[in-house]
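# Understanding the architecture of this molecule
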Amino acid sequence: MNRSRVADLSLLLVAMMWGSTFLIVQHAVRILPPLAFNGIRFLGAALLLAIMTTLFYRREWKELRLGMLGHASLLGLLLFLGYAFQTVGLLYTTTSNAGFITGMSVILVPFLALFLLRHPISRYTWLSALLAVAGLYLLAFAGSSLTLNRGDSLVFLCAIAFALHVVYMAIYAPKYPALLLATLQMTVVGLLSLGSSLLFEEIGPIHQLTDSLLQPEVLWALVISIGPTSALAFWIQTVCQKFTSPSRVAIIFTMEPVFAAITGVLFGGEVLGITAMIGCLCILTGMIMAELKSSPTT
């Protein structure tokens, strides 16, 4: 199996981790404000990655340069904006709208890759992306109509930020050590999230914050989020984007809501109707098509 296939399968594992832990995080942010949760999550992930770098890849610290700090800060800023716009947008829109509009990044990525990287857009990329978007719509709305509201524009900015993050990751990941680049990204996201929480969220006095952090739902969600779904997941993404295209990454990541839906059915008592199952099948078909027909055609 070549490195491109291994990279795609690893990114599919990342999508599975993100999707399958959605319920856990959703329960946690009902207790601890979302930006505060993200601040602790990403700073914890940065600390974990820094310890791993120091213990096992100490030589990577010697490659730290001002240019790398700037590029990692840009990646971290885009990631923070994606999470922040999505969080604020959810105050004014539905989770279905937010999920579908966030997934629109699968269409934005090929255009951004064409503009920034000069990557051609093949007919298979177009078809895969359109199948994924159709699947996202069916999965999110399951027969109901898309009704836009003021929060949707904020979530669309989130989609742009996530799409830009995928594209710029393709630019910078080959240039720098993956573990160190991921560490710096997590640090930027954590600091920006924590600062925004102090400015915009009511986290209460220190004893109230401590009580929230000690709640089993929050502790368990932080353990999962700091380790597997942040430190490990973004390290994997940083490594794998050296060997696959941004468009394929975007299509693979549309599997996240599929795994979230499966988790909701298995553990959340949710019911997945026929329309939603067809949506999952469309997303899966689009991903397989992108995998099998990955070479651009002229």
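From a predicted model like this one, the values you see are computed outputs, not experimental measurements. (Residues numbered from 1 in each chain as written. Predicted model: local features only at pLDDT ≥ 70, side-chain atom pairs only at ≥ 80, totals over all residues. Heavy atoms only, no water.)

## Thoughts on the overall build of the protein
Applicable threshold: Here a helix means four or more residues in a row that DSSP labels H or I, a strand means two or more in a row labelled E, and each is numbered from the N terminus. We compute the radius of gyration from the C-alpha atoms alone; for a globule the expected value is 2.2 Å times N to the 0.38, where N is the number of residues. Burial status follows relative accessibility: with a 1.4 Å probe on protein chains alone, a residue under 20% of its type maximum counts as buried, one over 50% as exposed, and anything between as partly exposed. Working rule for contacts: check all heavy atoms of both residues, and any pair within 4.5 Å makes them a contact. Working definition of accessibility: Shrake-Rupley area with a 1.4 Å probe, residue cover restricted to the visible protein chains.
For the protein, the count of helices and strands is 14 helices and zero strands. In sequence order, the secondary structure elements of the protein are arranged as α-α-α-α-α-α-α-α-α-α-α-α-α-α. Its C-alpha atoms give the protein a radius of gyration of 19 Å, within 12% of the compact-globule value 19 Å for 298 residues. Seen through its C-alpha atoms, the protein measures out along the principal axes to roughly 55 × 45 × 35 Å. When the 298 residues of the protein are sorted by exposure, 48% land in the buried category. Once local pairs closer than 6 in sequence are excluded, the contacts in the protein between residues at least 24 apart make up 89%. A total accessible area of about 14,200 Å² is found for the protein, and carbon and sulfur atoms account for 70% of it.

## Comments concerning the pattern of salt bridges
Note the cut-off: In the sections that follow, a salt bridge refers to a side-chain nitrogen of Lys or Arg positioned within 4 Å of a carboxyl oxygen of Asp or Glu.
Counted by the stated rule, this structure contains one salt bridge. The shortest N-O distance in the salt bridge between Asp-8 and Arg-248 comes to 2.3 Å. Pair noted here: Asp-8 is in helix 1 (residues 3-20) and Arg-248 is in helix 12 (residues 246-253), with a separation of 240 residues, a long-range link. Taken as a pair, Asp-8 and Arg-248 share a single burial class, namely buried.

## Regarding the environment of Leu-136
Position of Leu-136 relative to the elements: it lies in helix 7 (residues 123-141). Residue Leu-136 is classed as buried on the basis of its relative accessible area of 4%. Distance from Leu-136 to Thr-102, taken between C-alpha atoms, is 9.7 Å for residues 34 residues apart in sequence. Each residue touching Leu-136, except ones within four places of it in the same chain, is listed here: Phe-100, Gly-103, Thr-254, Pro-257 and Ile-283.

## Details of helix 7
What counts, and what does not: Expected helix span is computed as 1.5 Å times (number of residues minus one).
Helix length check: helix 7, at 19 residues, gives a terminal C-alpha distance of 27 Å against a target of 27 Å (1.5 Å per residue), a fit within 8%. All of the buried residues in helix 7 are Thr-125, Ser-128, Ala-129, Ala-132, Val-133, Gly-135, Leu-136, Leu-139 and Phe-141.

## Comments concerning the nonpolar core
To be explicit about the condition: The set of buried Ala, Val, Leu, Ile, Met, Phe, Trp, Tyr and Cys residues whose side-chain atoms join them within 4.5 Å is what this entry labels a nonpolar core.
The biggest cluster of nonpolar side chains holds 56 residues, and the ones touching the most others in it are Val-106, Met-186, Phe-253 and Met-255. Dropping the residues within four chain positions of it, Val-106 is found in contact with Ala-129, Ala-132, Val-133, Ala-250, Ile-251 and Thr-254. By size, the runner-up hydrophobic cluster in this structure holds ten residues, among which are Tyr-176, Leu-180, Leu-181 and Leu-184.

## Looking at the packing of helix 4 (residues 66-89) against helix 8 (residues 150-172)
This is how it is decided: The axes used here are C-alpha line fits, helices contributing only the stretch in contact, and every angle between their N-to-C directions lies in the interval 0 to 180 degrees. For classification purposes, angles smaller than 35 degrees are called roughly parallel, those larger than 145 roughly antiparallel, those between 65 and 115 roughly perpendicular, and all remaining angles oblique. Should the near helix be turned anticlockwise from the far one by less than a right angle, the crossing is left-handed, and should it be turned clockwise, the crossing is right-handed. Just so you know the grouping, Ala, Val, Leu, Ile, Met, Phe, Trp, Tyr, Cys and Pro go in nonpolar, Asp, Glu, Lys and Arg go in charged, and all remaining residues, Gly too, go in polar.
At a closest axis distance of 8 Å, the pairing of helix 4 and helix 8 adopts a crossing angle of 160°. As summarised for this structure, helix 4 and helix 8 are arranged roughly antiparallel, according to the angle between their axes. Taken as a pair, helix 4 and helix 8 cross one another with a handedness that is left-handed. Judged by residue contacts, His-71, Leu-74, Leu-75, Leu-78, Leu-79, Leu-81, Gly-82, Tyr-83, Phe-85, Gln-86, Val-88 and Gly-89 of helix 4 engage Gly-151, Leu-154, Val-155, Leu-157, Cys-158, Ala-161, Phe-162, Leu-164, His-165, Tyr-168, Met-169 and Tyr-172 from helix 8. Considered class by class, the residues forming the contact of helix 4 with helix 8 number 18 nonpolar, six polar and no charged.

## Topic: the packing of helix 1 against helix 13 (residues 256-267)
Contact geometry of helix 1 with helix 13 gives a least axis separation of 7 Å together with a crossing angle of 45°. When the axes of helix 1 and helix 13 are compared, the pair comes out oblique. The chirality of how helix 1 crosses helix 13 is right-handed. Touching Leu-12, Ala-15, Met-16, Trp-18, Gly-19 and Ser-20 of helix 1 are Glu-256, Phe-259, Ala-260 and Thr-263, all from helix 13. Of the residues contributing to the contact of helix 1 with helix 13, the split by class is six nonpolar, three polar and one charged.

## Some details on a nonpolar patch on the surface
Put simply, the rule reads: Patch definition: residues with relative accessible area over 30% and no salt bridge; like charges joined within 9 Å; nonpolar side chains (Val, Leu, Ile, Met, Phe, Trp, Tyr) joined within 5 Å.
Together, Leu-47, Ile-51, Leu-55, Phe-56 and Tyr-57 make up a nonpolar patch on the protein surface, roughly 520 Å² of accessible area in all. Checked against the element boundaries, Phe-56 lands in helix 3 (residues 34-56).

## Concerning the packing of aromatic side chains
Our working definition: Any two rings among Phe, Tyr and Trp, with Trp reduced to its six-membered ring, count as a pair given centres within 6.5 Å; such a pair is stacked if its planes are under 30 degrees apart, edge-to-face if over 60, and tilted if neither.
Considering all chains together, one arrives at eight aromatic pairs under this definition. For the ring pair Phe-42 and Phe-234, a centre distance of 6.2 Å and an interplane angle of 55° mean the geometry is tilted. Taken together, the residues Phe-42 in helix 3 and Phe-234 in helix 11 (residues 216-240) connect sequence positions 192 residues apart. Looking at Phe-42, the relative accessible area reads 0%, which means it is buried. Ring pairs connect the aromatic residues Trp-18, Phe-42, Tyr-83, Phe-162, Phe-234 and Phe-253, which therefore count as one cluster.

## What to know about the confidence of the model for the protein
The criterion, for reference: Confidence of the predictor at the level of single residues is given by pLDDT, which spans 0 to 100.
Looking at the protein, the pLDDT average stands at 86 and 94% of residues meet or exceed 70. Ranking the elements of the protein by mean pLDDT puts helix 5 (residues 95-103) last, at 74, and helix 9 (residues 178-200) first, at 95.

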